[in-house]
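Summary of the model geometry
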Amino acid sequence: MKILISADAMNWFHKEMEAVKGDTIRFFARYGGSSPLHEGFSLGVTKDTPFEPTVTYKVEEILFFIEETDEWYFDGHDLYVELDPKKDELTYAYKKA
């Protein structure tokens, strides 16, 4: 399992989350919404400190991670983070690892 983030999505993180060198950003399962993997759950993103990260991806000195407690949500899929330019929102794709 891995995390991949497009250049456009990185620009979004800088602009919308004010992400800078040294920040740590977590992807997590949250109750509510839906995803292609789980009805009733969606993917959340927040600045947070890693506790027991199971997957990490570092780009531009920013660490993106998924905690061990959220690994179930991804069901063995890689996470692809991209940007929808029309909506200026992140989009997520899940591809079997």
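Predicted model, so just to flag it, every value in this text is computed and none were measured. Every chain's residues receive numbers from 1 upward, in the order its sequence appears when written. Local features in this predicted model are restricted to residues whose pLDDT is 70 or higher, and side-chain atom pairs enter the listing and the counts only when it is 80 or higher, whereas totals over whole chains, interfaces and linings include all residues. Remark: hydrogens and water are excluded; side-chain values derive from all non-hydrogen atoms of the structure.

Another aspect to go through is the overall build of the protein chain. Counting its secondary structure elements, the protein chain contains two helices and seven strands. Counting from the N terminus, the helices are the DSSP runs of H or I reaching at least four residues and the strands are the DSSP runs of E reaching at least two. Along its sequence from the N terminus, the protein chain presents helices and strands in the succession β-α-β-β-β-β-α-β-β. The globule rule is 2.2 Å times the number of residues to the power 0.38, and the radius of gyration it is compared with is taken over C-alpha atoms. For 97 residues, the compact-globule formula gives about 13 Å, and the C-alpha radius of gyration of the protein chain, at 13 Å, lands near that figure. Its C-alpha atoms give the protein chain principal-axis dimensions of about 35 × 30 × 25 Å. Sequence separation of at least 24 residues holds for 51% of the intrachain contacts in the protein chain that already meet a minimum separation of 6. A 1.4 Å probe and the Shrake-Rupley method give the accessible areas. Residues count as covered only by the protein chains that appear here. Of the accessible surface of the protein chain, which amounts to about 5,800 Å², a share of 47% is contributed by carbon and sulfur atoms. Only four residue types enter the charge count: Lys and Arg as positive, Asp and Glu as negative, with His and the chain ends excluded. A charge is said to be at NZ when it belongs to Lys, at CZ for Arg, at CG for Asp and at CD for Glu. Measuring between centres, the 11 positive side-chain charges of the protein chain sit 4 Å from its 19 negative side-chain charges. Should any heavy atoms of two residues lie within 4.5 Å, those residues are considered in contact.

Before going further, it helps to examine the pattern of salt bridges. In the sections that follow, a salt bridge refers to a side-chain nitrogen of Lys or Arg positioned within 4 Å of a carboxyl oxygen of Asp or Glu. Throughout the structure, instances matching the rule amount to six salt bridges. K15 is paired through a salt bridge with E16; the nearest N and O atoms lie 3.8 Å apart. Since its relative accessible area comes to 57%, K15 is described here as exposed. The shortest N-O distance in the salt bridge between D23 and K47 comes to 3.2 Å. Note that D23 is positioned in the loop between α1 (7-16) and β2 (24-34) and K47 in strand β3 (residues 39-47), a separation of 24 residues in sequence. One continuous salt-bridge network, built from bridges that share partners, spans K15, E16 and D88. For every residue, the accessible area (1.4 Å probe, protein chains only) is compared with the maximum for its type, and the residue is labelled buried under 20%, exposed over 50%, or partly exposed between those bounds.

Time to look at the packing of aromatic side chains. Stacked, edge-to-face and tilted labels apply to pairs of Phe, Tyr and Trp rings (six-membered ring for Trp) whose centres lie within 6.5 Å, assigned for plane angles under 30 degrees, over 60, and everything in between, in that order. Summed over the entire model, instances satisfying the criterion amount to nine aromatic pairs. Here the aromatic rings of F13 and F64 are separated by 4.9 Å at their centres, their planes lie at 65°, and the arrangement is edge-to-face. With F13 in helix α1 and F64 in strand β5 (residues 62-67), this pair connects stretches of sequence that are 51 residues apart. The pair F13 / F64 is uniform in exposure class, with both members buried. Geometrically, the ring pair formed by Y73 and F74 is edge-to-face, given 5.2 Å between the ring centres and 85° between the ring planes. For Y73, a relative accessible area of 0% puts it in the buried group. Take F74: its relative accessible area is 0%, and that puts it in the buried class. Each residue in the set W12, F13, F27, F64 and Y92 is aromatic and connected to the rest through ring pairs, giving one cluster.

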